[in-house]
Amino acid sequence: MGENKYDFRAAEILASEAMRLKINEAVPIYEQLLSTYPTAAKFWMQYLEAQMAVNNDDATRKIFSRCLLSCLYIPLWRCYIRFISKVNEKKGTEGVDETRKAFEFMINHVGSDIASGPIWMEYINLLKSIPAHTPQAETQLMSAIRKAYQKAVVTPCHHLEQLWRDYESFENKVSRALAKGLLSDFQSKFNSAKAVYREKKKYVDEIDWNMLAIPSTGSEKEEQQWIAWRRLLAFDKENPQRIDSTSSNKRIILAYEQCLMHLYHYPDIWYDYAAWHAKNGTADSAVKVLQRALKALPDSDLLKYAFAELEESRGSFQSARRIYESVLVDGANVPALVHIQFIRFLRRTEGVEAARKYFLDIRASPSCTYEVYVSYALMTFCLDKDTKVAHNIFEAGMKQFMLEPRYILEYADFLLRLNDERNTRALFERALSSLLPEQSVEVWKRFTEFEQMYGDLNSMLKVEQRRKEALSRPGEEGALGLENSLQDIVSRYSFRNLYPCSSKHLELLTRQEWLVKNMNKKGEIPNLANGFGSVDQSSSGLTTTNSALKSVHVDSNPTVTHNPMQNSGPGVISSIPVAGLPLTQSTPSASRVGTNSALDGILKAAPPALAAFIANLPAVEGPLPDADFVLSICMQSNFPSGRNTKSGAANQNANASEVSGSTRSHSSAMRTTRDRHSGKRKHAEKQEEDETTTVHSLPLPRDAFRLRQMQKARTGSTSQNGSTSYGSAFSGEHSASTT
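What you are looking at is a predicted structure, and each value in this text was computed from that prediction instead of being measured.

Draft legend 1. Here's a closer look at the nonpolar core. Formed by 85 residues in total, the largest nonpolar core has its most connected members in W270, I343, V372 and Y407. If you tally residues by element for this core, the top one is helix α19 (residues 370-382), at 8 residues. Not counting residues up to four positions away in its chain, the partners in contact with W270 are L260, Y264, V289, R292, A293, A296, L297 and L303. If you look at the next biggest cluster of nonpolar residues, it comprises 69 residues, including L72, Y123, L127 and A152.

Draft legend 2. Seen up close, the pattern of salt bridges. Counted under the stated rule, the structure contains 31 salt bridges. Ionic pairing is found between D272 and R230, a salt bridge with its closest N-O pair at 2.9 Å. Note that D272 is positioned in helix α13 (residues 267-279) and R230 in helix α11 (residues 220-238), a separation of 42 residues in sequence. Beyond isolated ion pairs, a larger network of salt bridges with shared partners links R230, K237, D268 and D272.

Draft legend 3. View of the side chain of D272. Only 2.9 Å separates the side chain of D272 from the side chain of R230, close enough to count as a polar contact. Here K237 takes part through its side chain, which lies 3.4 Å from a polar atom of the side chain of D272. Apart from the residues lying within four places of it in its own chain, the contact partners of D272 are R230, K237 and Y256.

Draft legend 4. Focus on a nonpolar patch on the surface. There is a patch of nonpolar side chains on the surface, built from L457, L461, L486, I489 and Y493 and spanning about 460 Å² of accessible area. Only α24 (457-471) and α26 (486-492) provide two or more residues apiece to the nonpolar patch. By the element assignment, L486 lies in helix α26. In this structure L486 comes out as partly exposed when scored by relative accessible area, which is 45%.

Draft legend 5. Just unusual backbone geometry, in detail. A positive phi angle, near 60 degrees, is found at K385, a position not held by glycine. Its place among the elements puts K385 in the loop between α19 and α20 (387-401). Despite not being glycine, N419 has its phi angle at roughly 60 degrees, a positive value. With respect to the element layout, N419 can be found in the loop between α21 (405-417) and α22 (421-432).

Draft legend 6. How the structure looks around the confidence of the model for the protein. Mean pLDDT over the protein stands at 79; residues scoring 70 or higher make up 69%. Contacts for the low-pLDDT stretch residues 526-595, under 50 throughout, to residues beyond four places or in other chains number 152 contacts. A low-confidence stretch, residues 642-698 stays under pLDDT 50, and its non-local contacts, those more than four residues away or across chains, total 54 contacts.

Draft legend 7. Expanded view of the packing of aromatic side chains. For the structure on display, the rule yields 39 aromatic pairs. Ring geometry for Y6 and Y37: centres 6.2 Å apart, planes at 80 degrees, overall edge-to-face. Here Y37 lies in the loop between α2 (23-36) and α3 (41-53) and Y6 lies in the segment before α1 (8-19), a separation of 31 residues in the sequence. Arranged with centres 6.1 Å apart and planes meeting at 70 degrees, the rings of Y37 and F43 form a pair that is edge-to-face.

Criteria and thresholds
Residues numbered from 1 in each chain as written. Predicted model: local features only at pLDDT ≥ 70, side-chain atom pairs only at ≥ 80, totals over all residues. Heavy atoms only, no water. Core = buried A, V, L, I, M, F, W, Y, C linked by side-chain atoms within 4.5 Å. Buried < 20%, exposed > 50% of the residue type's maximum accessible area, 1.4 Å probe, protein only. Helix = DSSP H or I, 4+ residues; strand = E, 2+ residues; numbered from the N terminus. Contact = heavy atoms within 4.5 Å. Salt bridge = Lys/Arg side-chain N within 4 Å of Asp/Glu carboxyl O. Polar contact = N/O pair within 3.5 Å; in protein donor to acceptor, adjacent residues only side chain to side chain. Patch = residues over 30% accessible without salt bridge, like charges linked within 9 Å, V, L, I, M, F, W, Y side chains within 5 Å. Areas by Shrake-Rupley, 256 points an atom, 1.4 Å probe, with all protein chains shown as cover. pLDDT = per-residue confidence, 0-100. Phe/Tyr/Trp six-rings, centres within 6.5 Å; stacked < 30°, edge-to-face > 60°.

Printed below as a string of structure tokens:
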């Protein structure tokens, strides 16, 4: 079947090919399929029918013994009955008895299935066909038929009403005098079964009975089938028919077994099945379920822990120990967690000495990681109340894990629980003298926090300075990192999620710190999409989370004011005004000539429709609108048609020349501004009227967010005394002053 063992499409093709082969050639194929899909009832049926077609009765019996109890599937069981009937049809009375026993065996296992209606009918017809040679035999036979009918009519299954009509006819034929009383007794039970059947059928119809059992791939169909089975199991557990617990439990067991035919590789179903058995007082059945589960999923550590826990809870300590030891035979490949859990198990069941002996035996093993030392030391400290032994264990671990920062931190936490300030400080000093700078970030951070809690101001400042020196990078950036800054105060006087400044100020400090570190690089500024900074492992103690940083290329001219709350697109600085921050007119510089020249080219090459779209974009306060809002602007904009190409080109050239003018010298820019001040105001008023007729005259969007954004756009366009060129949004500059 190729590299993918569970390629169900290849399995279907292989099964189809096997049907065209002779039985001797098909047997290896069927065995291969069933070794991969041991609960695939349709493959078992195909295999059986191929054997029955050549009258290979012995092989057929062996196959049925392998699959019947693991595949509680009505068509498969009816195939079994056909085989038994065929084998015994010429044996007379003995053959009839064998067939009857086969029917009763089937009824006992799948008689409560929703598809069991036909097998109840076949069973009752078989009973009716048995001859009775004596009055006593006839009485016994009538009693068996009545009992079968009474079980059938209270089972929520297909053909339930037909079964009830047949039962009425049977009782009336036997005795009309007794029929009325018997039927009235079962009428309410039949009505209840019929109501439950209608409800249960809704859940059963959602199940794909041809789905092969494969490990979960996360597909939508698999999730739907998992949900469908969970719903059916929950329905049966509620016992809506209010039948006795024995009958209810048989239905639940049937539902779990049928579920495992399709969700065979789902450990949660196995565990849920075992837990249900344990809850209902049948621990032996729970053990059997988990044994089957480990056979199906031998690599599931979760099921092994669950099995060991079950055995320990019922007092079978040796059985639980064997489960742990079955995992420990891998030697160096044993996960550290198995060692930890086995040590805890030994202490619970055999005492402190057994746990200690096992720990001493595995210390030299490569699988004995620092977590094993930490776990055993804390167990000794917390449970055995032996501080000295716990301290010795941590010290012994230092010989192997001196260069493991997390072990150092665990050891420091232990010493702090003892209020051992002196040894904690000595531990930090000893560890930091051995760790490389890139390994020591967290240790330095914890050392700093320790001094902030336990030390005086001088020791606090000294450790912080040492931390900066140890973690600073060579060159100019490292020199900047050694300087004191306000971020140090934030780091020093913060506690958990409490900071000595507002969140807005905290974010500003974070941004400033980043800018200081990158002021000599060709600028990239972080887009703080997730908001505020947080105290971190950086040298200054304040930074933003990495997931929140998205860089956009900008000019590092210090005269430009940037807003840390503003989300700009890649490669573009937005000039959209932000509440609380003034619009600033940036001073042109030589460093921007190249950028604006490129923008001039973009604007000249842009089609008229794009130039008109840019001109129609409103001013928005706060974060940029989402794509839906931009689309609403597009739909409400009157883009110029092909006939207005000249006017569109004129507007485009005007915008391009306006951006180009911003690259001239500061003095010429100021003169140009004074000469054209009044003219630009008139142009702004005319542009404002055009925008009003373009946007305001169209119907407002229904979405509340879009309506609010348009209201802000209108307010911003009328409240500001001056004009702002939307074309200048590419450069981040405003081409006119505000008064």
